[in-house]
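A look at the structure
Listed below are the residues making up each chain.
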Amino acid sequence: MKEISYTLRCLAHLLSYPNASMVRHLHEIQQALDTEMALGAGRRAELERMIRRLADDGMDAEATYVDLFDRGRGTALHLFEHVHGDSRERGQAMVDLVKTYEQAGLYLAPGELPDHLTVLLEYASTQPARSARDFLNEFAHILQAIAEALRRRESDYVAVLAAVLDLAGQPLRPVTIADEPSLDESWTEPPAFDGCSSAGQARPGAPQQVQVIRRSPGNGAPQR
């Protein structure tokens, strides 16, 4: 089976934050992709166009990255967010993933989360090709959803996700995903005095339930 370890590392680097240090190595990344030839010529050409864009965009490339991956829910690179959100199950899944890494002699840096796609790719690159493909295939359905979200955003990063799927033996295909709310909508605070769930309290402009209390003559005690 064809080796894919260098290609996996290249794809991990292409999904990392495009600071000056990363951009300096873009030419080496392109050379490694072309040398190993784990991907088809068409896919490598797509990645080459993306690499040129990263090299040319300068600081704009960093802003684009933050907008896509740090502010977009559908394009988040922390894979378990797409499955578990912030639930307790995500924590246990990450613990299990850390154990998988440590059994292979790999240890995360402080603050590094195990479900980030770059980390998964780095781990896969240390495994035999067949094992790496099987490992990536476990997450293929999530990768398809992220790729679709990137396609909708007309981002050339979709080429990286498509390349990962190629290595997993899962060709890129259209999938149905939920529409992602705009950033302004997701950050909107609820209007003040907008009602609550208590009985008798409704939203402004909506009919309000009125409770009439009759007072008994003599002692002034309220009677319902």
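Residues numbered from 1 in each chain as written. Predicted model: local features only at pLDDT ≥ 70, side-chain atom pairs only at ≥ 80, totals over all residues. Heavy atoms only, no water.

**Comments concerning the packing of helix H3 (residues 26–36) against helix H4 (residues 41–57)**
Geometry of a packed helix pair, given as the angle between the helix axes and the separation of the axes. Relative to each other, H3 and H4 sit at 175°, their axes nearing to 10 Å. The angle between the axes of H3 and H4 places the two elements in the roughly antiparallel class. For the pair H3 and H4, contact is made by Leu26, Ile29, Gln30, Leu33 and Asp34 and by Arg44, Leu47, Glu48, Ile51, Leu54 and Ala55, respectively. (Axes fitted to C-alpha atoms, helices over the stretch in contact; angles between N-to-C directions. Helix = DSSP H or I, 4+ residues; strand = E, 2+ residues; numbered from the N terminus. Parallel < 35°, antiparallel > 145°, perpendicular 65-115°, else oblique. Contact = heavy atoms within 4.5 Å.)

**A look at the side chain of Ser5**
Its place among the elements puts Ser5 in helix H1 (residues 5–14). Classification of Ser5 by relative accessible area gives buried; the value is 15%. Excluding anything up to four places from it in sequence, Ser5 contacts Glu36 and Ser125. (Buried < 20%, exposed > 50% of the residue type's maximum accessible area, 1.4 Å probe, protein only.)

**Re the nonpolar core**
The tendency in soluble globular proteins is for nonpolar side chains to be buried as a group. Ranked by internal contacts, the top residues of the largest apolar core, which has 55 residues, are Leu11, Leu14, Leu15, Leu47, Leu121, Leu136 and Tyr157. The element that contributes the greatest number of residues to this core is helix H11 (residues 158–167), accounting for eight residues. In this view, Leu121 contacts Leu8, Leu11, Ala12, Leu15, Leu136 and Val164; residues no more than four positions away in its chain are not counted. (Core = buried A, V, L, I, M, F, W, Y, C linked by side-chain atoms within 4.5 Å.)

**Observations regarding the environment of Asp115**
Along the polypeptide, Asp115 turns up in the loop between helix H7 (88–103) and helix H8 (117–124). Taking the C-alpha atoms as reference points, Asp115 and Glu81, separated by 34 residues in sequence, lie 8.6 Å from one another. Excluding residues within four positions of it along the chain, Asp115 makes contact with Leu77, His78, Leu79, Phe80, Glu81, Arg90, Met94, Leu97 and Leu120.

**As for unusual backbone geometry**
In this model, Met37 sits at a positive phi of 55°, which is unusual for a non-glycine residue. Structurally, Met37 can be placed in the loop between H3 and H4. Even without a glycine there, the phi angle at Glu154 is positive, about 55°. For Glu154, a relative accessible area of 74% corresponds to the exposed category.

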